[in-house]
Amino acid sequence: MITALIVTLLALLTLAVVILFAMLGELNARVAQAPVGQAGRPESVQPLPEAKLGATVIDFPDGLARPPGVLLVFSTTCGACQELAPKARGFFASAGVDLVGIVVSCASAESGREFVARYGLAGLPGYVDVSGRFSMAALGVGMSPAAVALSPEGVVRSAVVFSSFNALSSWIGSLGDTSDAADGVSVLPGKDLV
C-alpha cells in the first residue's frame, strides 16, 4: 500500500516537473522583448543562468553524436518546441553547424517517442530524456526550447533559451570561434529514437 502511494506520488512529481519545464519555456518566449517572428513570438535568445557553464559532460546518452556542436533541448509539453521541432532538421542541414543531438524532455518514453515521430526528428541524433534527468543533471537546462554549445571536449560553453531558429543562428554566430560550434554541416547519424 505504501509502495503504491510512493510510486503514485513520484509519477505525479515527474509529471509536474515536465509541465513546469514547459511552462518556463513558454513564459520566456512570451515575455522576451525582441522583434516578432513568423509564429507571432518574439525572436530572442536568453541566457540560462542555471546552466552548468564550464562543466564537462563525460557521459553522453546513447543516440547523441559527439561534440563539438549544438545540443537542442525540447519538451513534449512546450508549445514553442512543437512549433520549432519540425524545422530543426532543415536548420541544421542549412546552417553549417554540427548537431550533437536533440534531447526530448518528457514524462514518459512513449510520449517522447511520439514527439520525435510527430515532428520529423527520427533519424537525427537524439535522446528521449524521461523526467529531464540528463538535461538537468548534466547541463543545468530546466527550460525549453534550449540550445547548448559544447566544445570538442564536451565542455558546456554557452546555453540559451531561444524562440526562433533566426535567433538561434545569431547566437551561434556570436559564439566567436566557430571551429568549436560550427565546423561545417555534419548531422551525424545517431541511434534512431523511434
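Predicted model, so just to flag it, every value in this text is computed and none were measured.

(A) Main features of the overall build of the chain. Secondary structure assignment for the chain yields seven helices and six strands. Taken from the N to the C terminus, the helices and strands of the chain come in the order α-β-β-α-α-β-α-β-α-β-β-α-α. A burial count over the chain gives 49% of its 194 residues as buried. In the chain, 75% of the contacts between residues at least 6 apart in sequence involve partners at least 24 apart.

(B) Representation of the confidence of the model for the chain. Mean pLDDT over the chain works out to 82, with 76% of the residues at or above the 70 mark. Of the regions scoring below 50 in pLDDT, residues 30–39 engages in 16 contacts with residues more than four places distant in sequence or in other chains. With pLDDT under 50 throughout, residues 177–194 is counted as low confidence; its partners more than four residues away or in other chains account for 52 contacts.

(C) Layout of the nonpolar core. With 29 residues, the main nonpolar core has Leu72, Phe74, Ile102, Leu121, Leu168 and Trp171 as its most contacted residues. Mapped by element, the contributors of at least two residues to this core are β2 (69–75), α2 (79–84), α3 (88–95), β3 (99–106), α4 (109–118), β5 (146–150), β6 (156–162) and α6 (165–173). The element contributing the most residues to this core is α6, with four residues. With residues up to four places along the chain from it excluded, the contact list for Leu121 reads Phe74, Ala85, Ala88, Arg89, Ile102, Phe115 and Val116. Counting residues in each nonpolar core, the second largest holds 19 residues, with Leu64, Val141, Ala146 and Ala159 among its members.

(D) Main features of the sheet that holds strand β4 (residues 126–130). Read across the sheet, six strands follow the order β1-β6-β5-β2-β3-β4 without closing on themselves; strand pairing throughout is mixed. Each of the sheet's edge strands pairs with one partner strand only, and the pair in question is β1 (45–47) and β4. In this sheet, neighbouring strand axes are inclined to one another by 25 degrees on average, regardless of whether the strands run parallel or antiparallel. The sheet contact formed by β2 and β5 spans five bridges and is antiparallel.

(E) Fine view of α3. Those residues of α3 that sit buried are Ala88, Phe91 and Phe92. Projected down its long axis, α3 carries its buried residues within an arc of 90 degrees, all on one side. Next to the buried residues of α3 lie β2, α2, β3 and α6. Backbone geometry just downstream of α3 places Gly96 in the positive-phi region, at approximately 70 degrees.

(F) Spatial organisation of the environment of Val161. Position of Val161 relative to the elements: it lies in strand β6. Residue classification places Val161 among the buried residues on the basis of a relative accessible area of 2%. Once the C-alpha coordinates of Val161 and Ser44 are considered, the two residues, 117 residues apart in sequence, prove to be 8.1 Å apart.

(G) Representation of the pairing of β3. Of all eight residues that make up β3, eight are buried, and the element is covered over most of its length. Across six bridges, the pairing between β2 and β3 is parallel. By the bridge assignment for β3, Val70 is matched with Leu99. Pairing between β3 and β4: five bridges, direction parallel. Bridge assignment links Val104 to a residue of β4, and that residue is Val128. On the question of chirality, the crossover connecting β3 to the parallel β4 by way of α4 is right-handed.

The rules behind the values
- Residues numbered from 1 in each chain as written.
- Predicted model: local features only at pLDDT ≥ 70, side-chain atom pairs only at ≥ 80, totals over all residues.
- Heavy atoms only, no water.
- Helix = DSSP H or I, 4+ residues; strand = E, 2+ residues; numbered from the N terminus.
- Buried < 20%, exposed > 50% of the residue type's maximum accessible area, 1.4 Å probe, protein only.
- Contact = heavy atoms within 4.5 Å.
- pLDDT = per-residue confidence, 0-100.
- Core = buried A, V, L, I, M, F, W, Y, C linked by side-chain atoms within 4.5 Å.
- Pairing = 2+ DSSP bridges.
- Axes fitted to C-alpha atoms, helices over the stretch in contact; angles between N-to-C directions.
- Arc of directions from axis to C-beta.
- Right-handed = clockwise from strand over helix to strand, strands pointing away.

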